[in-house]
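Structural overview for review
Chain by chain, the residues:
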Amino acid sequence: MNYSNKKSITDIPIKNKTVFLRCDLNVPLDSKLNIVDTKKIDESLKTINYLIENNSKIIICSHLGRPKNKNDSNFSLKPIANYLSKALAKEVVLLPEITGENTKKTIDNLNFGDICMLENIRFDKRETENDDNFSKELASLADVYINDAFAVCHRTHASTVGITKYLPSACGFLVEKEITILENALKSPKRPFVAILGGAKVSDKIEVINNLLSKVDTLIIGGGMSYTFTNALGYSIGNSICEKDKISTAKDIMAKAKEKGVKILLPLDNIVGLEYSADTEFKTVDSDKIPNGWTGLDIGSKTTKLFSETILKAGTIIWNGPMGVYEWKNFQKGTAKIAQAVAKSGAISIIGGGDSAAAIQNLGFKDKVTHVSTGGGATLKFLEGKSMPALDAIDEK
Ligand code: AMP
């Protein structure tokens, strides 16, 4: 997998052209449809501004959530179009019909340098089916296709893959940045290279671990997934989350790591709760002594010390997944301490989207890390060493 040979927005004629720009503007909204976190929109501005400067006519396309019904107003891109209009100090015209005569007419009537936005692309179910006719209809709106939606580059949809059959294509600045940072870290990392994996399940991350074992020096495993590993070592884990059918996989991973000289660090101690709830009674116990009836909900202080010592000496860090149930105040200390160590390390640090990105952001460390990815699932696919269909589809230089 090598995407450095893919065309960039700077390699393709876009001056005075109509450009179909696939962004990922899938931002969280509250119950009043206010945007809770604008990061993904803000990260898209560089490409949009570049197109404006080059007098392109811009058609922005994005999905928002997973709408079940067509035109469900809770999933409309209206709040996003409004925010973008303000951020760009320029009207962003929202087109209620994704394709069709009205949409075509409105786009034809726009001037070069103007911007419009198609309604939520997932209002048309042909999007996720990668329908060929739909891809053609989308392509017929523009002269050039730019993909700046890293978070959906692992998806084979009409607006990420199908459309590229019918238009010259290139990557936007955000996609380019995400690929370059991840590729550099995986190909020529500054050592020691440390991966930190956490979160709920081992099963989601087995392929990531298998791929990283031939690249990293140390693999730190925390969070819910660590209990499958400590259970594989024969430790009692009480009611902690454990994937029994992955115990032999955990054993294989540990054996493979030993063979390759990769150090695996597991929690030495844990904060355990009497119940799986935010305000349950809790205490700290060693990893091999979790009592029956208690559940591991965070890493303990001996563990944060052990993990932090390694993190502080790292040259490159990739982190995906929290160290505990960080959504609950009593169990967020482990994740916060690890975030603090990553921020302090001075290493090239990449936060792989999802919960760990939210944790870094909420704890105020966003500016102290090298890169916070805009795509959790897409980053995991990249770390698995798997190909990304939407990137495969982009024209080569
Ligand atoms: P993932 O999407 O796999 O990165 O998992 C993130 C989720 O893992 C978060 O919602 C955490 O609450 C959850 N998590 C982390 N540690 C634990 C734990 N010890 N027990 C249960 N869930 C956990």
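See the structure above.
Read on for a plain summary of the structure. (Residues numbered from 1 in each chain as written. Predicted model: local features only at pLDDT ≥ 70, side-chain atom pairs only at ≥ 80, totals over all residues. Heavy atoms only, no water.)

A few words on the nonpolar core. Grouped together as the largest cluster of nonpolar side chains are 62 residues, with contacts concentrated most on F20, L118, L138, F229, F382 and L391. If sequence neighbours within four positions are ignored, F20 has contacts with I59, C61, L118, L138, A142, V144, Y145, I146 and I163. (Core = buried A, V, L, I, M, F, W, Y, C linked by side-chain atoms within 4.5 Å. Buried < 20%, exposed > 50% of the residue type's maximum accessible area, 1.4 Å probe, protein only. Contact = heavy atoms within 4.5 Å.)

The subject of this paragraph is the sheet that holds strand β5 (residues 144–148). Strand order in this open sheet of six strands is β3-β4-β2-β1-β5-β6, and the pairing throughout is parallel. Every interior strand has two partners, whereas the edge strands, β3 (92–95) and β6 (169–171), have only one. The mean inter-strand angle of the sheet, taken between neighbouring strand axes irrespective of direction, is 25°. Here strand β1 (residues 18–23) runs beside strand β2 (residues 57–61); their pairing, made up of five bridges, is parallel. Looking across to β2, one finds that R22 is bridged to C61. Against the sheet, helix α2 (residues 78–88) engages β2, β3 and β4 (115–118), with an angle of about 165° to β3. Strands β5 and β6 of the sheet are contacted by helix α5 (residues 173–187), whose axis makes an angle of about 45° with β5. (Pairing = 2+ DSSP bridges. Helix = DSSP H or I, 4+ residues; strand = E, 2+ residues; numbered from the N terminus. Axes fitted to C-alpha atoms, helices over the stretch in contact; angles between N-to-C directions.)

This part takes up the sheet that holds strand β12 (residues 282–286). Strand order in the open sheet formed by three strands is β12-β11-β14, with antiparallel pairing between adjacent strands. Edge positions in the sheet fall to β12 and β14 (295–299), since each of these pairs with one other strand and no more. Averaged over all neighbouring strand pairs, the angle between strand axes comes to 40°, with direction disregarded. As paired elements, strand β11 (residues 269–273) and β12 share five bridges and run antiparallel to each other. Within β12, the residue paired with V272 across the bridge is K283. Contacting β11, β12 and β14, helix α9 (residues 301–312) crosses the sheet at an angle of about 40° to β14.

Next up on the list: the site of the ligand. In the neighbourhood of the ligand, 17 residues make up the surrounding shell, with A200, G224, G296, G324 and E327 lying closest. Between a nitrogen atom of the ligand and a main-chain N or O atom of G324, the distance comes to 3.5 Å. The side chain of E327 places a nitrogen or oxygen atom 2.5 Å from an oxygen atom of the ligand. With the chains in place, 81% of the 500 Å² that the ligand exposes on its own is no longer accessible. The residue inventory of the shell around the ligand, partitioned by class, reads seven nonpolar, six polar and four charged. (Near = heavy atom within 4 Å. Polar contact = N/O pair within 3.5 Å; in protein donor to acceptor, adjacent residues only side chain to side chain. Areas by Shrake-Rupley, 256 points an atom, 1.4 Å probe, with all protein chains shown as cover. Nonpolar A, V, L, I, M, F, W, Y, C, P; charged D, E, K, R; others polar.)

In this section: the environment of S301. Summarising the element assignment, S301 is placed in helix α9. When the C-alpha atoms of S301 and I59 are compared, they prove to be 51 Å apart, with 242 residues separating the residues in sequence.

Evaluated as defined, the whole model comprises 18 salt bridges. K40 serves as the salt-bridge partner of D24, at 2.6 Å between the closest nitrogen and oxygen. Of this pair, D24 sits in the loop between β1 and α1 (39–53) while K40 is found in helix α1, placing the two residues 16 residues apart along the sequence. No difference in accessibility class separates D24 from K40, as the two residues are buried. With a closest N to O distance of 2.8 Å, K302 and D286 form a salt bridge. Remark: D286 occurs in strand β12 and K302 occurs in helix α9; sequence separation between them is 16 residues. In the salt-bridge network here, residues are joined through shared partners; they are E207, K381, E384 and K386. (Salt bridge = Lys/Arg side-chain N within 4 Å of Asp/Glu carboxyl O.)

Attention now goes to α1. With 15 residues, α1 extends 22 Å between its outermost C-alpha atoms, agreeing within 8% with the 21 Å of an ideal straight helix rising 1.5 Å per residue. After α1 finishes, the residue N55 shows a positive phi value of roughly 60°. (Expected span 1.5 Å × (residues − 1).)

A few words on the packing of aromatic side chains. What the rule picks out here adds up to six aromatic pairs. Of the aromatic side chains, those joined through ring pairs into one cluster are Y276, F282, W328 and F331. A cation sits over an aromatic face here: K46 above F173, 4.8 Å from the ring centre. In this arrangement the basic side chain of K283 is found over the ring face of W294, its NZ or CZ atom lying 4.3 Å from the centre. (Phe/Tyr/Trp six-rings, centres within 6.5 Å; stacked < 30°, edge-to-face > 60°. Lys NZ or Arg CZ within 6 Å of the ring centre and 35° of its normal.)

Shape is all these values report; function is a separate question.
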